[in-house]
Structure formats: C-alpha cells, structure tokens
Amino acid sequence: MSAPKIKFRDMHVPADQESPEGMQIVYGDQNDGYACVYLPDIEYAQYEDRSLKINIVMPSRAKGPYPLLVYVQGSGWLPQSLYMAIPQLSDFAHHGYVVASVEYRHSLEATFPAQIQDVKTAIRYLRANADKYQIDPARVAVWGDSSGGHLSALVGVCEGFAEFESDRYTEQSSGVKAVVDFYGPTDLLQMNKYPSKVDHDAGDSPESLLIGGPIQEHPDKVSRANPITYISREKALPPFLIMHGDQDELVPFNQSVLLYEALKEAGQDVTFYKVKGAGHGIRFWTPDVLEIVRKFLTAYV
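Let me begin by describing the structure that accompanies this report. (Residues numbered from 1 in each chain as written. Predicted model: local features only at pLDDT ≥ 70, side-chain atom pairs only at ≥ 80, totals over all residues. Heavy atoms only, no water.)

**Structural notes on helix H6 (residues 254-265)**
Then, in step 1: Counted at 1.5 Å a residue, the expected span for H6 with its 12 residues is 16 Å, and the 16 Å between its end C-alpha atoms agrees.
Then, in step 2: Within the span of H6, buried status applies to Asn254, Gln255, Ser256, Val257, Leu258, Leu259, Ala262 and Leu263.
Then, in step 3: The secondary structure elements touched by the buried residues of H6 are helix H3 (147-157), strand E6 (178-182), strand E7 (240-245) and strand E8 (270-275). (Helix = DSSP H or I, 4+ residues; strand = E, 2+ residues; numbered from the N terminus. Expected span 1.5 Å × (residues − 1). Buried < 20%, exposed > 50% of the residue type's maximum accessible area, 1.4 Å probe, protein only. Contact = heavy atoms within 4.5 Å.)

**A closer look at the pattern of salt bridges**
Then, in step 1: Within the structure shown, the criterion is met by 10 salt bridges.
Then, in step 2: For Lys120, the salt bridge goes to Glu165, with nearest N and O atoms at 3.2 Å. Placement of the pair is Lys120 in helix H2 (residues 114-128) and Glu165 in the loop between H3 and E6, with a sequence separation of 45 residues.
Then, in step 3: Overlapping salt bridges bring together Arg50, Glu103 and Glu109 as one network. (Salt bridge = Lys/Arg side-chain N within 4 Å of Asp/Glu carboxyl O.)

**Let's talk about the packing of H2 against H3**
Then, in step 1: Between H2 and H3, the shortest axis-to-axis distance is 10 Å and the interhelical angle comes to 65°. The angle between H2 and H3 places the two elements in the roughly perpendicular class. The handedness of the crossing between H2 and H3 comes out as right-handed. Contacts from Gln115, Ile116, Val119, Lys120 and Ile123 of H2 reach H3 at Leu151, Leu154 and Val155.
Then, in step 2: Residues of the contact of H2 with H3, tallied by class, amount to six nonpolar, one polar and one charged. (Axes fitted to C-alpha atoms, helices over the stretch in contact; angles between N-to-C directions. Parallel < 35°, antiparallel > 145°, perpendicular 65-115°, else oblique. Left-handed = near helix turned anticlockwise from the far one by under 90°. Nonpolar A, V, L, I, M, F, W, Y, C, P; charged D, E, K, R; others polar.)

**What about the side chain of Ser166?**
Then, in step 1: Assignment of secondary structure puts Ser166 in the loop between H3 and E6.
Then, in step 2: Of note is the side chain of Ser166, whose polar atom sits 2.6 Å from the side chain of Thr121.
Then, in step 3: A polar contact is formed between the side chain of Ser166 and the side chain of Arg124, at a distance of 2.7 Å.
Then, in step 4: Ignoring anything within four residues of it in the chain, the contact list for Ser166 reads Thr121 and Arg124. (Polar contact = N/O pair within 3.5 Å; in protein donor to acceptor, adjacent residues only side chain to side chain.)

**Some remarks on the sheet that holds E6**
Then, in step 1: Strand order in the open sheet formed by eight strands is E1-E2-E4-E3-E5-E6-E7-E8, with mixed pairing between adjacent strands. Each edge of the open sheet carries a strand with a single partner, namely strand E1 (36-47) and E8. Ignoring strand direction, the axes of neighbouring strands in this sheet form an average angle of 20°.
Then, in step 2: As paired elements, strand E5 (residues 135-145) and E6 share five bridges and run parallel to each other. Its bridge partner lying in E6, Asp145 is registered against Phe182.
Then, in step 3: Those strands touched by H3 are strand E3 (66-72), E5, E6 and E7, and its axis lies near 140° from that of E5.
Then, in step 4: Contacts from helix H7 (residues 287-300) reach E3, E5, E6, E7 and E8, with the element oriented near 165° to E6. (Pairing = 2+ DSSP bridges.)

**Notes on the pairing of E3**
For a regular strand, the rule is simple: side chains alternate between the two faces of the sheet.
Then, in step 1: For E3, the tally of buried residues reaches seven of seven residues, placing the bulk of the element in the interior.
Then, in step 2: Bridge count between E3 and E5: six bridges; the pairing is parallel. Paired with Leu68 across the bridge in E5 is Val140.
Then, in step 3: Alignment of E3 against strand E4 (residues 98-102), held across five bridges, turns out to be parallel. Pairing of Leu69 across the sheet is with Val99, part of E4.
Then, in step 4: Crossover connection from E3 via helix H1 (residues 86-94) to parallel E4: handedness right-handed. (Right-handed = clockwise from strand over helix to strand, strands pointing away.)

Here you go:
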C-alpha cells in the first residue's frame with residue numbers, strides 16, 4: 001500500500017511568538033554558516049547501460065553563486081562509494097561551497113585514461129549547469145584522496161590535453177584553480193621500492209589493473225598516467241596542497257615527495273604537509289587537517 005499524498009495549502013505561516021519559561025533560542029542560519037541541501041545520484045554521463053553519477057551537497061540559501069569543490073573518492077580506481085566522504089564534505093558546504101562527489105568508470109570496466117576523462121567530463125557538466133546548482137564557474141577546485149588524489153593531480157596538470165577530454169560538454173573548460181591531493185599515487189613504477197601491504201608490481205594490483213597490464217612491463221602506459229610527466233616550467237599550474245600520512249601502509253609517502261619535488265623544481269605553487277601518526281586515511285581526517293584545507297581553498301578559490 002502506497003503512502004497517501006499530502007495536500008499542501010497555499011498560505012504563509014507566521015513565526016511563532018510563544019516563549020515558555022526556560023526555553024532557549026538558537027538561530028538556524030546565521031551569517032557564519034550555511035544550511036545545506038543534499039542532491040544524490042545526479043547522472044552526468046552514460047556509456048551504454050552504465051550511468052555515471054554525482055552527489056552534490058550545497059548551501060540551501062539562494063545567494064550564490066558559490067565556489068565549486070569537486071571531490072574524487074579513493075577506491076584504488078575500483079568501484080567507488082560516492083557517499084563515504086559526505087560527512088566531511090558537508091562541512092565545506094556549511095562554509096559556502098557547492099561540493100560534488102563524482103563517480104568515474106573503474107578499472108574493471110575501462111582502463112586509463114577513462115577515469116580522468118570522466119572526472120573532467122563531470123567538471124564540465126557542473127560548469128554547464130552552473131546556474132542550476134548555484135556554481136561560480138570561475139572558482140573551481142578539485143580534491144581527492146588516494147586514487148582520487150592521483151586523478152585530482154592529473155586534473156591539475158593536464159588542462160588542454162585532448163587525449164584526456166571527452167566529447168561531452170565541450171564548450172566548457174575542465175580547468176581548476178586549486179588542487180588538494182591526499183596521499184595520491186604518482187609514479188607507479190617506484191611504489192614497490194618502499195614498504196607496503198600491496199605488491200604494486202603484481203599483475204592484479206590496483207595499479208596494473210588501471211593501465212591494463214603489469215606496470216613494470218608497460219612503462220610507457222605508466223608514464224602516461226603519471227601526473228609528474230606533465231609538469232614543466234613552461235606552463236603555469238594551479239596551486240597544489242599535498243598531504244600524506246607518515247605511516248601510510250598502502251601508498252608510500254615517497255609518492256607525494258616525488259610530486260612535491262617535481263612541482264617545486266618547476267617553479268609551481270605547492271604546499272606539502274606530512275601528517276604525523278596518520279596511515280592511509282587513518283587518523284587523517286581531523287579538524288586540524290580539514291582546517292588547513294579550508295584555509296588553502298579560501299586563499300586560492
């Protein structure tokens with residue numbers, strides 16, 4: 001039996017004036033915070049029967065446009081959960097961002113560069129629908145953790161590379177003004193040089209599945225997926241914030257060192273934090289860490 005449909009009357013309900021003794025008052029939407037609305041499972045692209053989705057958390061007040069923060073969830077480039085980071089991302093919506101957690105084709109259904117093509121398509125979709133979602137298309141940042149950090153770094157360094165773009169929403173840019181990379185892989189060929197719970201060189205490792213074969217046997221494909229490949233002094237890149245735990249058991253800390261040093265040597269704007277005592281996402285999502293992210297985004301977006 002389906003629930004009955006509620007009939008609403010067209011009327012204005014005035015603010016209640018009752019004030020019983022002992023009652024306290026709190027304001028529901030003050031100037032230093034934003035009430036939020038959650039928009040789940042928005043389709044932005046489709047490949048045959050495969051629908052790619054975006055989850056959006058945005059300020060509910062119609063006073064935009066707001067800066068856009070595109071989030072790419074870590075998953076080893078395997079199937080993602082778009083809902084995992086919603087609690088943390090909601091805090092940024094409360095601070096006046098439209099936050100979009102984006103899905104991409106995982107490596108069991110498509111090898112690289114499908115993943116970066118999809119993330120860039122999602123950014124262009126959101127720009128194409130800026131009015132609908134109260135987005136300022138000139139103020140876009142990308143943030144990801146683990147494999148999402150890898151893809152976020154690629155977004156930051158690969159604007160204008162035709163092989164990483166799709167044929168959807170081509171009138172829009174996929175460029176961003178800032179990149180936040182939480183413990184993302186970079187040079188996959190060097191991962192096994194450091195202690196890790198994963199044999200990254202194995203044929204069934206997340207890294208090998210991403211490129212479609214054992215990484216050490218396909219160095220050209222690995223180089224194509226390495227953000228460092230695209231860094232140079234000739235092209236100005238968006239500012240980067242890199243953060244990595246010193247006890248990461250899956251993505252060696254050195255992976256972020258390599259990216260940081262490449263950006264710094266090329267004269268790019270990069271800030272790097274080692275998070276003491278943090279593992280792969282463990283003891284990482286703390287108020288102090290998130291405050292660093294907020295200050296970075298405030299400065300550049």
